[in-house]
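The lines below spell out each chain.
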Amino acid sequence: MTSSSSREVIVEADGGSRGNPGPAGYGAVVLDPVTGETLAEAAEYIGVATNNVAEYKGLVAGLKAARALFPDCTVHVRMDSKLVVEQMSGRWKIKHPDMKPLAAEAGRVFPAGRVRYEWIPRERNKHADRLANEAMDAGKQGRRWEPSASTAALDASAARNAAGPPPSGPPGDATAGAARARAALGSAPGARTAGATGSAKAPVSPTDSGYDAASGYDEGLFAAAFATEEALTASGDFEAEAAHPATAPSVATAPGASAPDAPAPGASGASAPVVSASQGWSKGPDMGAPATFVLLRHGETALTPEKRFSGSGGSDPELSAAGLRQAEAVADALAARGTIQEIVSSPLTRCRQTAAAVAARLGLDVRVEQGLRETDFGAWEGLTFGEVRERHPEDLDAWLSSPKAAPTGGGESFATVARRVATTRDRLAAAYAGRTVLLVSHVTPIKTLVRLALGAPPESLFRMELSAASISAVAYYADGNASVRLLNDTSHLR
């Protein structure tokens, strides 16, 4: 018989919230790593909580169940929560007050070094996911989850056997996806064997820097300030926080592209599909059915044609008459295409109104996602760029030159952009694997999703047009690749 001191077990854990926050529950299962046998299960309804709180409570329950079985064992934790895995692995900092005590409790169950963490896609975590849902169902009925009534273990072994190898990065991680594609291409017949070559980024000249003489904005200098942040983002070595109304940052554009929540002049609406590197090759990663995000920018508000800063910290304007017409037009276009299966919206009014028009046409419900909200522009809300330049010149210069600088009055900095958008992307891509989802959002959350999918540098944000009520699309594959399929389609408005 194997002693507990040399034994390893697998813990798979999950948690969910129907509303985030809303009625929540967790599930955890302890498995034999050799046979896949279920050694223990745990599940509980925990009342109203967020997804992240439920996920952490599931982790704690799973670790305690493993300790009760084999006090001296080592544990391999597998979860589909990128947030929990990265925070417990020490790669992401924990700042949210609800997460800190739960992470500390999880860390005390076993001594340091006896637990390792692995992110897995949601489809490989179905056992724990079903346990969490059983617990939530029981709570809804006013009763406790009972192990004797659970069906979560049914077909779990078959599901695990059918699952492919774990991805090397989160959905939409262009760096990991590109590495997989290069490996596949390198092993293909006739692949080039010459050594790889690289080229340094050319310096930005005054003629191609995007300099705006009227505002004094030098896009080239601003792009250089992003270099450190981009390196951190590409490697995954950055802080991540759970999306929360008070802390969830969004993304802002700067002059030189579309003004915040304003259509870019001269947008053509033309689009062209971009195929990811490993598609179309006979030997390469098995991508399966992707999670496809159809990215819809909300319709116009009264602030849009005036190109005023309009984020999540201002007046929360409604759609104008023109914006309502745009929402109806895009609803008709999406109904004609017939591919949308789910709708997720930013919590801001202009997005919810746009999403409601589409939902009414398609007969779907709308889920609100805090992570899709626009940046809080602080004291700049409602002002034009020129007015900000006149009233807060030093703050504006700092904001343009450093991604860590926030707008006047406690707005959100550009450094939060990649963190918040990537975290939201990973969560939604895992939740909607194989489905086509309409995300109704704002200028820079959408631009950032496109930028990250392409693995493009931050200055690419200023090279994209994104008109009001425009449609873009990105597909996310389980192996980490992403494919940009559409950008700024406005044909339905003409």
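Our subject in this report is the structure included herewith. Source: prediction; values computed, not measured.

Describing the overall build of the protein
Within the protein, the regular secondary structure consists of 14 helices and 11 strands. Looking at the protein as a whole, 53% of its 494 residues are labelled buried. A separation of at least 24 residues holds for 75% of the contacts in the protein among residues at least 6 apart in sequence. For the protein, the exposed surface amounts to about 21200 Å²; the carbon and sulfur share of it is 53%.

Focus: the sheet that holds strand S4 (residues 74-79)
Spatial strand order, S3-S2-S1-S4-S5: five strands in an open sheet with mixed pairing. Looking at the sheet topology across the chains shown, the edges are occupied by strand S3 (38-49) and strand S5 (115-119). Across the sheet, the axes of successive neighbouring strands diverge by a mean angle of 20°, strand direction being ignored. Note that S4 and S5 share five bridges and pair parallel. Its bridge partner being in S5, Val77 is matched across the sheet by Tyr117. Lying on the sheet, helix H4 (residues 126-140) is in contact with strand S1 (8-17), strand S2 (22-31) and S3; it crosses S2 at an angle near 140°.

Brief notes about unusual backbone geometry
Residue Pro21 follows Asn20 across a cis peptide bond; omega there is 5°. Along the chain, the position of Pro21 falls in the loop between S1 and S2. Positive phi values are uncommon outside glycine, yet Asn20 reaches one of about 45°. Considering the arrangement of structural elements, one finds Asn20 in the loop between S1 and S2. Given a relative accessible area of 25%, Asn20 falls into the partly exposed group. A positive phi is found at Ala469, a non-glycine position, where the angle reads about 60°. Along the chain, the position of Ala469 falls in the loop between helix H14 (443-454) and strand S10 (471-476).

Considerations on the packing of helix H13 (residues 416-431) against H14
Running from N to C, H13 and H14 cross one another at 80°; their axes reach a closest spacing of 10 Å. One way to sum up the angle between H13 and H14 is to call them roughly perpendicular. Taken together, the residues of H14 that come into contact with H13 (itself represented by Val417, Ala418, Arg420, Val421, Ala422 and Arg425) are Pro445, Thr448, Leu449, Arg451 and Leu452.

Focus: helix H3 (residues 99-109)
Because each turn of an α-helix spans 3.6 residues, side chains separated by three or four positions in sequence point in the same direction. Taken together, the buried positions of H3 are Met99, Leu102, Ala103, Ala106 and Val109. Angular distribution of buried residues about the axis of H3 spans 115°; they occupy a single face of the element. Those residues of H3 that are buried lie in contact with helix H1 (51-69) and helix H2 (82-88).

Examining the pattern of salt bridges
Within the structure shown, the criterion is met by 18 salt bridges. As a salt-bridge pair, Asp32 and Arg7 come within 2.8 Å of each other at their nearest N and O atoms. Here Asp32 is found in the loop between S2 and S3, whereas its partner Arg7 is found in the segment before S1, with 25 residues between them in sequence. Each member of the pair Asp32 and Arg7 is classed as buried. Here Glu12 ties to Arg78 by a salt bridge, and the two come within 2.6 Å at their closest N and O atoms. Of this pair, Glu12 sits in strand S1 while Arg78 is found in strand S4, placing the two residues 66 residues apart along the sequence. Of the two residues, Glu12 and Arg78, both sit in the buried class. Within the structure, one salt-bridge network assembled from shared partners comprises Lys82, Glu86 and Arg91.

Quick notes on the nonpolar core
Residues Tyr56, Leu59, Leu63, Val75, Val77 and Met88 are the most contacted members of the largest nonpolar core, which totals 32 residues. Of all the secondary structure elements, the ones that give two or more residues to this core are S1, S2, S3, H1, S4, H2, H3 and S5. With sequence-adjacent residues up to four places away left out, Val77 is seen in contact with Val11, Leu59, Leu63, Val115, Arg116, Tyr117 and Glu118. One finds Leu372, Val437, Val443 and Val450 within the second-largest nonpolar core, a separate group that totals 24 residues.

Let's talk about the layout of surface pockets
Quantified by volume, the largest pocket comes out at close to 940 Å³. In this structure, the largest pocket is lined by 36 residues; those nearest its centre are Gly16, Ser17, Asn51, Arg367 and Ala431. Of all the secondary-structure elements, those providing two or more residues to the lining of the largest pocket are S1, H1, H2, H4, strand S8 (366-368) and H13. When its residues are assigned to classes, the lining of the largest pocket shows 11 nonpolar, 13 polar and 12 charged.

Re the environment of Val115
By the secondary structure assignment, Val115 is in strand S5. Residue Val115 is classed as partly exposed on the basis of its relative accessible area, which comes to 22%. Setting aside residues up to four positions removed in sequence, Val115 forms contacts with Leu63, Val75, Val77 and Phe110.

Concerning the packing of aromatic side chains
Aromatic rings considered in pairs are described by the distance between their centres and by the relative angle of their planes. Tallied over the entire structure, the rule returns three aromatic pairs. A centroid spacing of 4.9 Å and a plane angle of 55° characterise the contact between Phe293 and Tyr476, whose relative ring orientation is tilted. With Phe293 in strand S6 (residues 291-297) and Tyr476 in strand S10, the pair connects residues that are 183 residues apart, well separated along the chain. Each member of the pair, Phe293 together with Tyr476, is buried. For the ring pair Phe309 and Trp380, a centre distance of 5.8 Å and an interplane angle of 55° mean the geometry is tilted. Here the residue Phe309 occupies a position in the loop between S6 and helix H9 (321-337), and Trp380 occupies one in the loop between S8 and helix H11 (385-391), the gap between them amounting to 71 residues. For Trp380, a relative accessible area of 0% gives the class buried. In this structure an aromatic cluster arises from ring pairing among Phe309, Phe377 and Trp380.

Cut-offs applied
- Residues numbered from 1 in each chain as written.
- Predicted model: local features only at pLDDT ≥ 70, side-chain atom pairs only at ≥ 80, totals over all residues.
- Heavy atoms only, no water.
- Helix = DSSP H or I, 4+ residues; strand = E, 2+ residues; numbered from the N terminus.
- Buried < 20%, exposed > 50% of the residue type's maximum accessible area, 1.4 Å probe, protein only.
- Contact = heavy atoms within 4.5 Å.
- Areas by Shrake-Rupley, 256 points an atom, 1.4 Å probe, with all protein chains shown as cover.
- Pairing = 2+ DSSP bridges.
- Axes fitted to C-alpha atoms, helices over the stretch in contact; angles between N-to-C directions.
- Parallel < 35°, antiparallel > 145°, perpendicular 65-115°, else oblique.
- Arc of directions from axis to C-beta.
- Salt bridge = Lys/Arg side-chain N within 4 Å of Asp/Glu carboxyl O.
- Core = buried A, V, L, I, M, F, W, Y, C linked by side-chain atoms within 4.5 Å.
- 1 Å grid on protein atoms, 1.4 Å probe; cavity = no way out; pocket = protein on both sides within 12 Å on 5 of 7 lines; lining within 4 Å.
- Points joined across faces, edges and corners; volume = space filled by probe spheres on them.
- Nonpolar A, V, L, I, M, F, W, Y, C, P; charged D, E, K, R; others polar.
- Phe/Tyr/Trp six-rings, centres within 6.5 Å; stacked < 30°, edge-to-face > 60°.

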